[in-house]
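Okay, here's what each chain looks like letter by letter:
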Amino acid sequence: NAGVTQTPKFQVLKTGQSMTLQCAQDMNHNSMYWYRQDPGMGLRLIYYSASEGTTDKGEVPNGYNVSRLNKREFSLRLESAAPSQTSVYFCASSARQGGSYEQYFGPGTRLTVT
Amino acid sequence: SQQGEEDPQALSIQEGENATMNCSYKTSINNLQWYRQNSGRGLVHLILIRSNEREKHSGRLRVTLDTSKKSSSLLITASRAADTASYFCATQGSGGSNYKLTFGKGTLLTVNP
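Residues numbered from 1 in each chain as written. Chains lettered and ligands numbered in written order. Predicted model: local features only at pLDDT ≥ 70, side-chain atom pairs only at ≥ 80, totals over all residues. Heavy atoms only, no water.

The next thing to look at is the pairing of strand 4 (residues 31-38) of chain A. All names here are of chain A. Across the eight residues that make up strand 4, a large majority, eight, are buried. Taking every second residue as pointing to the same face, both faces of strand 4 are buried, with Ser31, Tyr33, Tyr35 and Gln37 on one and Met32, Trp34, Arg36 and Asp38 on the other. Sheet topology places strand 4 next to strand 9 (residues 87-97); seven bridges connect them, and they run antiparallel. Directly across from Ser31, in strand 9, lies its bridge partner Ser94. Pairing analysis gives seven bridges linking strand 4 to strand 5 (residues 42-49), with the strands arranged antiparallel. Paired with Met32 across the bridge in strand 5 is Ser49. The antiparallel hairpin formed by strand 4 and strand 5 contains three residues in its connecting segment, where Gly40 sits at a positive phi of about 75°. (Buried < 20%, exposed > 50% of the residue type's maximum accessible area, 1.4 Å probe, protein only. Helix = DSSP H or I, 4+ residues; strand = E, 2+ residues; numbered from the N terminus. Pairing = 2+ DSSP bridges.)

Evaluation of the coordinates by the stated rule reveals two disulfides over all chains. Residue Cys23 of chain A pairs covalently with Cys91 of chain A via a disulfide, S to S 1.8 Å. The sign of the S-S torsion, about -70°, decides the handedness of the disulfide formed by Cys23 of chain A and Cys91 of chain A: left-handed. Taken together, the residues Cys23 of chain A in strand 3 (residues 19-25) and Cys91 of chain A in strand 9 connect sequence positions 68 residues apart. Under the relative-accessibility criterion, Cys91 of chain A is labelled buried at 0%. A disulfide bridge connects Cys23 of chain B with Cys89 of chain B, and the sulfur atoms are separated by 2.1 Å. (Disulfide = S-S within 2.5 Å.)

Soluble globular proteins: nonpolar side chains tend toward being buried together. Ranked by size, the top nonpolar core spans 22 residues in total, and within it Met21, Leu32, Trp34, Leu74, Ile76, Tyr87 and Leu109 of chain B carry the most contacts. Broken down by secondary-structure element, the contributors of at least two residues to this core are strand 2 (10-14), strand 3 (19-24), strand 4 (29-37), strand 5 (43-50), strand 7 (61-66), strand 8 (71-76), strand 9 (85-93) and strand 11 (107-112) of chain B. Apart from the residues within four sequence positions on either side, Met21 of chain B is in contact with Asp7, Trp34, Ser72, Ser73, Leu74, Ile76, Tyr87, Thr107 and Leu109 of chain B. Core analysis: the second largest hydrophobic core is formed by 19 residues, Leu13, Leu21, Trp34 and Tyr64 of chain A among them. (Core = buried A, V, L, I, M, F, W, Y, C linked by side-chain atoms within 4.5 Å. Contact = heavy atoms within 4.5 Å.)

Before going further, it helps to spend a moment on the interface of chain B and chain A. Listed by partner, the interface residues are 23 residues for chain B and 25 residues for chain A. Together chain B and chain A conceal approximately 1,900 Å² of surface at their shared face, both sides included; 51% is due to carbon and sulfur atoms. Among the residues chain B hides against chain A, the three largest losses belong to Leu43, Tyr99 and Lys100 of chain B. Together they make up 30% of the total. There are six residue pairs in polar contact (both at pLDDT 80 or more) connecting chain B and chain A. For the side of chain B that touches chain A, the elements supplying multiple residues, two or more each, are strand 4, strand 5, strand 9 and strand 10 (101-103) of chain B. The dominant element in the side of chain B that touches chain A, judged by the number of residues it contributes, is strand 4 of chain B, at five residues. (Buried area = accessible area lost by both parts, 1.4 Å probe. Polar contact = N/O pair within 3.5 Å; in protein donor to acceptor, adjacent residues only side chain to side chain.)

It is worth stressing that arrangement in space is one thing and function is another; only the former is reported here.
Set out below in structure tokens:
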């Protein structure tokens, strides 16, 4: 099993450009998440999808959109990139185990917006 | 706002010593989890402790939870250079279908050979 995969690994965008970050998991998990990680800030939740067909805003959703394409795939779109969106983006997935949700993370996408 | 807050922000020790990291949180929880992040990598789940548990062990890891003080500690015994990483606590809220975790800002542990 590959676990959680993310593409691309690195990306440089100019201000105003758009792009989509892809995430896929092969663990049959219902829930998926997008986080951003900035120095000294820990992980902040952008959007999550509790199950296929549902998406909800997290702590920092402005400037982003998401699509839960199917149970395996959850994409994050930046419509008009801004320098403030320079960050490392992590996708994660989880399944309910006795009321608890342990998350599995992808390797991350390093995005620079100039 | 961040739920968990780790302390200290950075910790440097010698190989073979024990490392203790603390986490405080603000609201009631279903469970608290600890994750490790090696430089340039994604987070890896280490251990989960439920709100009705007080202590849990996994290999060289020992986690305690004090719900009255809303705090947890992670102890790594006999540390190794390979333990060098950032460590994050994450809380899952109680009640309903709470799928989300809230992460702290992390403790950077450096283990010197």
